[in-house]
Amino acid sequence: MKQEDIYSELSSIKNLMERSTKFISLSGLSGILAGIYALIGAFIGYRLIYASSSNSFYRQFVINDPSIVLKVIIIATSVLILSIITGIFLTVRKANKKKQSFWNPISKRLLAAMLLPLVIGGLYTMILIFQGNYSLISSSTLIFYGLALVSASQFTFDDVKWLGVLEIILGLLAAFFSGFGLIFWTIGFGILHIIYGSIMHFKYDR
């Protein structure tokens, strides 16, 4: 057997093992679009906060008005729903192109791994909202989202783990610099998603 044939055979075995143990139909384009949605949502949120405050630059990012918080939550929820719909659509399309099943044992494990941190994070964020601790909302969403990504990364690309680690770091920074939560949220859900999605697209989607 020629050396080229050996490499080809090993590559085929590797691909087969990845398909059986990892969910490889995640779409990089969905990450890019999710980042764009987040940037648009953050801009609208900033305009709401800026319009309601005549204080200093720092104070403009400290939200104390429940009505403003509600509007920002609605914007963030809209971004989340739109991102999920886009992600599912593009991932299903990629799976179909690769002649793979979108809903399989691996994707179920991936979802289960993400679900616990996301549910706990969502409940914790709701507690913060009811208690009026608005300055910690941004950090909690980033940290628990990052934990969900790290947990799910064992069932998909390793790049997802590093995105999760960066989200956790940003969440901790947002907790420390609590007056600038919107900025860290924009970086985490907007810019990082666009960078991550671009890397995923050029590495795996082409």
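Residues numbered from 1 in each chain as written. Predicted model: local features only at pLDDT ≥ 70, side-chain atom pairs only at ≥ 80, totals over all residues. Heavy atoms only, no water.

Turning our attention to the overall build of the protein. The number of helices and strands found in the protein is seven helices and zero strands. Beginning at the N terminus, the succession of helices and strands in the protein can be written as α-α-α-α-α-α-α. A burial count over the protein gives 39% of its 206 residues as buried. When the accessible surface of the protein is split by element, carbon and sulfur atoms take 69% of a total near 12,100 Å². (Helix = DSSP H or I, 4+ residues; strand = E, 2+ residues; numbered from the N terminus. Buried < 20%, exposed > 50% of the residue type's maximum accessible area, 1.4 Å probe, protein only. Areas by Shrake-Rupley, 256 points an atom, 1.4 Å probe, with all protein chains shown as cover.)

Let us now look at the nonpolar core. Counting residues in hydrophobic clusters, the biggest one holds 28 residues, and the most contacted among them are Met114, Leu142, Leu149 and Phe189. Elements represented by at least two residues in this core include exactly α2 (28-51), α3 (66-97), α4 (105-131), α5 (137-152), α6 (159-176) and α7 (181-205). Here the element with the most residues in this core is α7; it accounts for seven residues. (Core = buried A, V, L, I, M, F, W, Y, C linked by side-chain atoms within 4.5 Å.)

Moving on: the side chain of Ser139. By the secondary structure assignment, Ser139 is in helix α5. What makes Ser139 buried here is its relative accessible area of 4%. Of the polar contacts made by the side chain of Ser139, one reaches the backbone oxygen of Leu136; its length is 2.9 Å. Each residue touching Ser139, except ones within four places of it in the same chain, is listed here: Gly171, Ala174 and Ala175. (Polar contact = N/O pair within 3.5 Å; in protein donor to acceptor, adjacent residues only side chain to side chain. Contact = heavy atoms within 4.5 Å.)

Scanning the model with the defined rule gives five aromatic pairs in all. Judged by centre distance (6.4 Å) and plane angle (20 degrees), the ring pair of Phe177 and Phe184 falls under stacked. Taking the relative accessible area as the measure of exposure, Phe177 reaches 40% and is therefore partly exposed. Centre to centre, the rings of Trp185 and Phe189 are 5.0 Å apart; their planes meet at 40 degrees, and the pair counts as tilted. (Phe/Tyr/Trp six-rings, centres within 6.5 Å; stacked < 30°, edge-to-face > 60°.)

Further remarks concern the packing of α5 against α6. Running from N to C, α5 and α6 point in directions that differ by 160 degrees, and their axes come no closer than 7 Å. As summarised for this structure, α5 and α6 are arranged roughly antiparallel, according to the angle between their axes. In terms of crossing hand, the pair formed by α5 and α6 is left-handed. From α5, Ser138, Ser139, Leu142, Ile143, Tyr145, Gly146, Leu147, Leu149 and Val150 reach across to α6, where they touch Val160, Lys161, Leu163, Gly164, Val165, Glu167, Ile168, Leu170, Gly171, Leu172, Ala174 and Ala175. The residue makeup of the contact of α5 with α6, split by class, is 14 nonpolar, five polar and two charged. (Axes fitted to C-alpha atoms, helices over the stretch in contact; angles between N-to-C directions. Parallel < 35°, antiparallel > 145°, perpendicular 65-115°, else oblique. Left-handed = near helix turned anticlockwise from the far one by under 90°. Nonpolar A, V, L, I, M, F, W, Y, C, P; charged D, E, K, R; others polar.)

Between α4 and α5, whose axes approach to 8 Å, the crossing angle comes to 170 degrees. Taken together, the axes of α4 and α5 are roughly antiparallel relative to one another. Contact with α4, carried on its side by Leu110, Ala113, Met114, Pro117, Leu118, Ile120, Gly121, Tyr124, Thr125, Leu128 and Ile129, involves Ile137, Ser140, Thr141, Phe144, Tyr145, Leu147, Ala148, Leu149, Ser151 and Ala152 of α5 and no other residues of that element. The residue makeup of the contact of α4 with α5, split by class, is 16 nonpolar, five polar and no charged.

Moving on, we get to α3. When the terminal C-alpha atoms of α3 are compared, their 46 Å separation across 32 residues agrees well with the 46 Å that a helix rising 1.5 Å per residue should span. Of the residues making up α3, those classed as buried are Ile68, Val69, Ile75, Val79, Ser83, Thr86, Gly87, Leu90, Thr91, Lys94 and Ala95. Immediately downstream of α3, the backbone of Lys99 shows phi near 60 degrees, a positive value. (Expected span 1.5 Å × (residues − 1).)

Turning our eyes to something else, we now look at the side chain of Thr125. Residue placement: Thr125 occurs in helix α4. Overall, the relative accessible area of 10% leaves Thr125 in the buried class. Here the side chain of Thr125 touches Gly121 through a polar contact of 2.8 Å, landing on its backbone oxygen. Dropping the residues within four chain positions of it, Thr125 is found in contact with Ile137, Ser140 and Thr141.

Residues of the protein with pLDDT of at least 70 account for 79%, and the chain-wide mean is 80. Predicted confidence in the protein is weakest over helix α1 (residues 3-21), with a mean pLDDT of 50, and strongest over α6, with 93. Every residue in residues 16-21 is under pLDDT 50, and counting partners more than four places away or in other chains gives seven contacts. (pLDDT = per-residue confidence, 0-100.)

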